[in-house]
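These are the residues of each chain, in order.
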Amino acid sequence: MKKAAFIKGGAVVAGLLVILGIVIQWIGILCFDKGFYAREYAKLGTAASIGMSQEDLDAATQALLDYTRGAREDLSVTAEIRGERREVFNERETLHMADVRNLYLGAMTFGWIALAVGLAYFVWAIFFSRERQAALMGYIHANWVFLLLFGLLALFAALDFNTFWTNFHRVFFTNDLWLLDPRTDILIQMVPGQFFFDLVMRIAFACVGTLALLLLGAWLARRHERRKGKGNAV
């Protein structure tokens, strides 16, 4: 019993690591989905509202995404905006994106490590510890804990996204460079609040769908183990 309790407790922690890894991977996938940007730009009329061509907007977006994921070293990109050829991003926007880049790269590193450690634990617990039911139950409990917290955050974001998004920045950034002026700063004009609301909701649905499938799989596997255990007992 003590061994089973130990395995289950470790599985809760490992489950949370796996879940966080999955969430971070979805963030990485969906934040760089250029099709999503194209649809949002069309829906919000972004190019016209900024005063730049769609071609220049796409080029600026590509530079922004490449810089964020570490594929280019600077964010220097020029475009014609309201008839004037100029740098798209000013100093404040560039400094903020340096913070975003560091946050993203750090989060991806953590996500891969969390996923690797969590999965390694489950491989050991399920195939070598002979406590499969305890490991699966720990993973199931981890999901309920995470889905409860995730659901509360999703509800908060859906009801008052501005407050949610402001608090997000206050937690993850140590300065106020993220406070941009929508009248003058191109970055916030490219990706306004509505854009981020749609992105966050998309990430939430993808994560919940993935986790629900994994939770169902864990439940079915535990059910199978219980039936097998009863059969052996008979």
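As a reminder, the structure under discussion sits directly above these lines.
In every chain, residue numbers begin from 1 and rise along the written sequence. Residue-level local features of this predicted model are given only where pLDDT is at least 70; pairs of side-chain atoms are given and counted only at 80 or more, and the full residue set underlies all totals for whole chains, interfaces and linings. Where side-chain values are given, they derive from all heavy atoms of the structure, hydrogens and water being excluded.

1. A word on the overall build of the protein chain
Every helix listed is a DSSP run of H or I at least four residues long, and every strand listed is a run of E at least two residues long, numbered separately from the N terminus. Counting its regular elements, the protein chain contains nine helices and two strands. Starting at the N terminus and ending at the C terminus, the protein chain contains elements arranged as α-α-α-α-β-β-α-α-α-α-α. For the protein chain, the spread of C-alpha atoms along the three principal axes comes to 80 × 30 × 30 Å. When a residue's accessible area, from a 1.4 Å probe over protein chains only, is under 20% of the maximum for its type it is buried; when over 50% it is exposed; and in between it is partly exposed. Burial status across the protein chain gives 40% buried among its 234 residues. Contacts between residues were defined by any pair of non-hydrogen atoms, one from each residue, lying within 4.5 Å. Contacts spanning at least 24 positions in sequence make up 77% of the contacts within the protein chain whose residues lie at least 6 apart. Using the Shrake-Rupley algorithm and a 1.4 Å probe, accessible areas are obtained, with residue cover drawn only from the displayed protein chains. As displayed, the protein chain has an accessible area near 13,200 Å², and 65% of this comes from carbon and sulfur atoms. Counted charges follow a simple rule, with Lys and Arg positive, Asp and Glu negative, and His plus the chain ends left uncounted. Where a charge lies is defined by one atom per residue type: Lys uses NZ, Arg uses CZ, Asp uses CG and Glu uses CD. For the protein chain, the separation between the mean place of its 24 positive charges and that of its 21 negative charges on side chains is 21 Å.

2. Examining the packing of aromatic side chains
Aromatic ring pairs are defined here through the distance separating the ring centres and the angle between the ring planes. Aromatic pairing here means that ring centres of Phe, Tyr or Trp (its six-membered ring) are within 6.5 Å. Orientation follows from the plane angle: under 30 degrees is stacked, over 60 is edge-to-face, and everything else is tilted. By the definition in use, this model includes 17 aromatic pairs. Ring geometry for Phe-161 against Phe-164: centres 5.8 Å apart, planes inclined by 40°, an arrangement best described as tilted. Within this pair, Phe-161 and its partner Phe-164 are both found in helix 7 (residues 161-172), separated by three residues, close to a single helical turn. Given the relative accessible area of 16%, Phe-164 is considered buried.

3. Overview of the side chain of Thr-68
Within the element layout of this structure, Thr-68 appears in helix 4 (residues 54-68). Given a relative accessible area of 8%, Thr-68 falls into the buried group. If we skip the residues at most four places from it in the chain, Thr-68 touches Phe-32, Met-97, Val-100, Arg-101, Tyr-104 and Leu-105.

Don't take any of this as a statement about function, it's just geometry.
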